[in-house]
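Coordinate analysis (summary)
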Amino acid sequence: SQTIHQWPATLVQPVGSPLSLECTVEGTSNPNLYWYRQAAGRGLQLLFYSVGIGQISSEVPQNLSASRPQDRQFILSSKKLLLSDSGFYLCAWSVTVLHEKLFFGSGTQLSVL
Amino acid sequence: GESVGLHLPTLSVQEGDNSIINCAYSNSASDYFIWYKQESGKGPQFIIDIRSNMDKRQGQRVTVLLNKTVKHLSLQIAATQPGDSAVYFCAENGKGGNEKLTFGTGTRLTIIP
């Protein structure tokens, strides 16, 4: 069966520090991969998605970036975190149709202080 | 702009009763809808999805109903259990066909023992 691993679960970072969140999927090949952010009381916001290695689509202009160095690995990065980057970050995957039937990871609660 | 909303932000249901969670969507061109369950501090969990060529779809203890005439989606949970306590939210795919999911903010379901 397919599983998705996302870490760390919680992260506290100072403003201006770099960020690297990693997500890996097991049990499937060539998945569509996604990064979402969830702010308190708001719907999920799509940040990036990828249909294959090295292919990244960005949805929201920001100081975040994403990379997909391997088929089942998706990384969310920032060179310098802002206070507004705080939130709950979720990685997700899907197969076949893009943006349908997403399965989410356990999330990373990021606090930028 | 397009939006996906919920009629009620909170819902309390007696254990053993059926729960009905509602969702309104504004884009009549949406052709795919999905429900998620999210427990506190965890990632969203896929419950059930439905395409616009269907009015009803059933899963294990859950039923999704789609009324395209009034652009309304509902999730019915039969014989609600304490483990059903969570935030439930719906999403639509916008204009259809590889369009990105737009998520609602969610309804908090509380089970009364």
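The rules we used
Residues numbered from 1 in each chain as written. Chains lettered and ligands numbered in written order. Predicted model: local features only at pLDDT ≥ 70, side-chain atom pairs only at ≥ 80, totals over all residues. Heavy atoms only, no water. Helix = DSSP H or I, 4+ residues; strand = E, 2+ residues; numbered from the N terminus. Buried < 20%, exposed > 50% of the residue type's maximum accessible area, 1.4 Å probe, protein only. Contact = heavy atoms within 4.5 Å. Areas by Shrake-Rupley, 256 points an atom, 1.4 Å probe, with all protein chains shown as cover. Phe/Tyr/Trp six-rings, centres within 6.5 Å; stacked < 30°, edge-to-face > 60°. Disulfide = S-S within 2.5 Å.

Before going further, it helps to examine the overall build of chain B. Scanning chain B for helices and strands turns up zero helices and eleven strands. Shown N-terminal to C-terminal, the secondary structure of chain B runs as helices and strands in the order β-β-β-β-β-β-β-β-β-β-β. Within chain B, the proportion of its 113 residues that are buried is 44%. When contacts within chain B are restricted to residue pairs at least 6 apart in sequence, long-range pairs at least 24 apart make up 54% of them. Per element, the accessible surface of chain B, about 5500 Å² overall, is 45% carbon and sulfur.

A word on the packing of aromatic side chains. All names here are of chain B. On inspection of all chains with the given rule, the structure shows 13 aromatic pairs over all chains. Here the aromatic rings of Tyr 36 and Phe 103 are separated by 6.0 Å at their centres, their planes lie at 45°, and the arrangement is tilted. Taken together, the positions of Tyr 36 in strand 4 (residues 32–38) and Phe 103 in strand 10 (residues 102–103) put the pair 67 residues apart, joining distant regions of the chain. Under the relative-accessibility criterion, Tyr 36 is labelled buried at 0%.

Take the state of the cysteines next. Using the criterion set out here, one finds two disulfides over all chains in the structure. Covalent S-S linkage joins Cys 23 of chain A and Cys 91 of chain A, the inter-sulfur distance amounting to 2.0 Å. Here the disulfide of Cys 23 of chain A and Cys 91 of chain A is left-handed, its torsion about the S-S bond being about -75°. Residue Cys 23 of chain A is located in strand 3 (residues 19–26), and its partner Cys 91 of chain A is located in strand 9 (residues 87–94); the two are separated by 68 residues in the primary sequence. You'll find Cys 23 of chain A and Cys 91 of chain A in the same group, each marked buried. Between the sulfur atoms of Cys 23 of chain B and its disulfide mate Cys 90 of chain B the distance is 1.7 Å. Here the residue Cys 23 of chain B occupies a position in strand 3 (residues 19–25), and Cys 90 of chain B occupies one in strand 9 (residues 86–92), the gap between them amounting to 67 residues. The pair Cys 23 of chain B / Cys 90 of chain B is uniform in exposure class, with both members buried.

Taken by themselves, the reported measurements are silent on function.
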